[in-house]
There are 2 protein chains.
Amino acid sequence: MTAKEVLKDHIAKMASLTEEEFNYCYEHFKPLSFKKGQVVIREGDKVDGEYFVISGCLKAFYINDDVKMHILQFAMPTWWTSDYQALYTQTKASINVDCITDAELLCLTSADREKLCSEIHQVEHFFRWRTNKGYVAAQRRLLSLMNNDAKTRYEELMRLYPQLHDLVPKHLIAAYLGVSRETLSRLY
Amino acid sequence: MTAKEVLKDHIAKMASLTEEEFNYCYEHFKPLSFKKGQVVIREGDKVDGEYFVISGCLKAFYINDDVKMHILQFAMPTWWTSDYQALYTQTKASINVDCITDAELLCLTSADREKLCSEIHQVEHFFRWRTNKGYVAAQRRLLSLMNNDAKTRYEELMRLYPQLHDLVPKHLIAAYLGVSRETLSRLY
DNA sequence: ACTAAATAGTGATGTAGATCACGTAATCCC
DNA sequence: GGGATTACGTGATCTACATCACTATTTAGT
């Protein structure tokens, strides 16, 4: 399946665009290839848009003053990622995004997203639902973080995204769950 | 300021509706008055829509099996609240929403929200931005929960929403921060 | 192929915050 | 206005998890 087809199917799940409308939208996406370890967004830099994952796996993470990493989001095929805080507040990136594996992405600039949203009502509809889904997921994760211990959170994550188990090293899983890698290692 | 004016100003911050369009929208909102302590959404019940706060303060919270409460969100004037997970997945409420003080709300059903979004492009635009804002706030809170200790989180909350200090009893602040009321009490 | 780096497991010890158990002041409410 | 409920503070103890230190294994780069 081509990148174009992946995006088309993804959008079709929540919005109905004509062939013509979709082709027009697709012109605004810039295909990018990244190698494992490459940085997509670097803290402090300007964020020019958001990224739709065609293949591979990325992480969006924050490094605190003690050089501890916390992972905000993994991004797998058909997921979107960026520093949404930076995009929303029009500031420099406060997080990093990089590639856990080789990855193919489609980049859409904020300016183009807003243009497409205002030109095509269904595109705005699509982005509303996508963001809504992210909001609900973030709220669920907040509750899980407050309610559950490390083991329960780990099991929940594995239940939700079993692919992560083999795709992502455990210390990154730990950084997502908000526990130390040692504690995660002792959970079995 | 009337409820209608409060809503109008709020929407105008992110979207431009004509007088006529706004009046049409406003017909779909149902004004409701609640007394302190009254329940707006009860766990297990059907959720019929979302609520825009005109006055007062509410909380959206989850009670776990150990009968411990975790607060997902406070809602103050010009904020929206509901069980967005239930609305998104079309399931029964998994959280509760009730009133910390007497409150005036405007209720918009999901069906009406979707209708208005599809009829008026600018309404869809408004709801996209509102949800985006919530998503960014939830992500920031996730990071804070993973990065910061109880004291730092408390100070951050007070900096962000100083009104909460006098409006909301401390054990509810604790339930929002994800610490016990005893620990919060010892922070000063 | 050989070295360096990344990944992973585990013991010993430290600590933030939970939990339990009180006492007291403030508010609600019939 | 008096009894009950809610809010708040504080000591004593417990515990989940962090941190530090070290070893073993796997993976990647030249």
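How each quantity is defined
- Residues numbered from 1 in each chain as written.
- Chains lettered and ligands numbered in written order.
- Predicted model: local features only at pLDDT ≥ 70, side-chain atom pairs only at ≥ 80, totals over all residues.
- Heavy atoms only, no water.
- Near = heavy atom within 4 Å.
- Polar contact = N/O pair within 3.5 Å; in protein donor to acceptor, adjacent residues only side chain to side chain.
- Helix = DSSP H or I, 4+ residues; strand = E, 2+ residues; numbered from the N terminus.
- Nonpolar A, V, L, I, M, F, W, Y, C, P; charged D, E, K, R; others polar.
- Buried < 20%, exposed > 50% of the residue type's maximum accessible area, 1.4 Å probe, protein only.
- Arc of directions from axis to C-beta.
- Contact = heavy atoms within 4.5 Å.
- Buried area = accessible area lost by both parts, 1.4 Å probe.
- Salt bridge = Lys/Arg side-chain N within 4 Å of Asp/Glu carboxyl O.

A. Layout of the protein's contact with DNA strand D. Around DNA strand D, 17 residues are found, and the nearest of them are Thr183 of chain A together with Lys170, His171, Arg181 and Arg186 of chain B. Here the atoms of DNA strand D within 4 Å of the protein split so that 49% fall in sugar or phosphate, with bases taking the remainder. Contact between DNA strand D and Ala150 of chain A: a phosphate oxygen at 2.9 Å from a main-chain N or O atom of the residue. Of all the elements in the fold, those that place two or more residues in the surface near DNA strand D are helix 9 (181–185) of chain A together with helix 8 (170–177) and helix 9 (181–185) of chain B. Among the elements that make up the surface near DNA strand D, the one with the highest residue count is helix 9 of chain B (three residues). A class-by-class count of the residues in the surface near DNA strand D yields three nonpolar, five polar and nine charged.

B. Fine view of helix 4 (residues 110–119) of chain B. When we look at burial in helix 4 of chain B, the residues that qualify are Ser110, Arg113, Leu116 and Cys117 of chain B. Buried residues along helix 4 of chain B cover an arc of 130 degrees about the axis, so they all sit on one side. Counted as exposed and oriented over 90 degrees from the buried face of helix 4 of chain B: Ala111 and Ser118 of chain B. In this structure, the buried side of helix 4 of chain B is in contact with helix 5 (121–147) of chain A together with helix 2 (19–26), strand 3 (49–55), helix 3 (84–89), strand 8 (103–109) and helix 5 (121–147) of chain B.

C. Examining the interface of chain A and chain B more closely. Counting from both sides, the interface comprises 38 residues of chain A and, opposite them, 38 residues of chain B. When chain A packs against chain B, the two sides together hide about 4000 Å² of surface, and 66% of this comes from carbon and sulfur. Taken as a group, Tyr88, Arg128 and Met146 of chain A account for 19% of the area that chain A buries against chain B, more than any other trio of residues on that side. For the interface between chain A and chain B, the tally reads four salt bridges. Two residues, Glu114 of chain A and Arg128 of chain B, come together in a salt bridge whose shortest N-O distance is 2.8 Å. Counting every contact that joins chain A to chain B gives 16 residue pairs in polar contact (both at pLDDT 80 or more). At the level of elements, strand 5 (69–75), helix 3 (84–89), helix 4 (110–119), helix 5 and helix 8 (170–177) of chain A are the ones that each hand at least two residues to the side of chain A that touches chain B.

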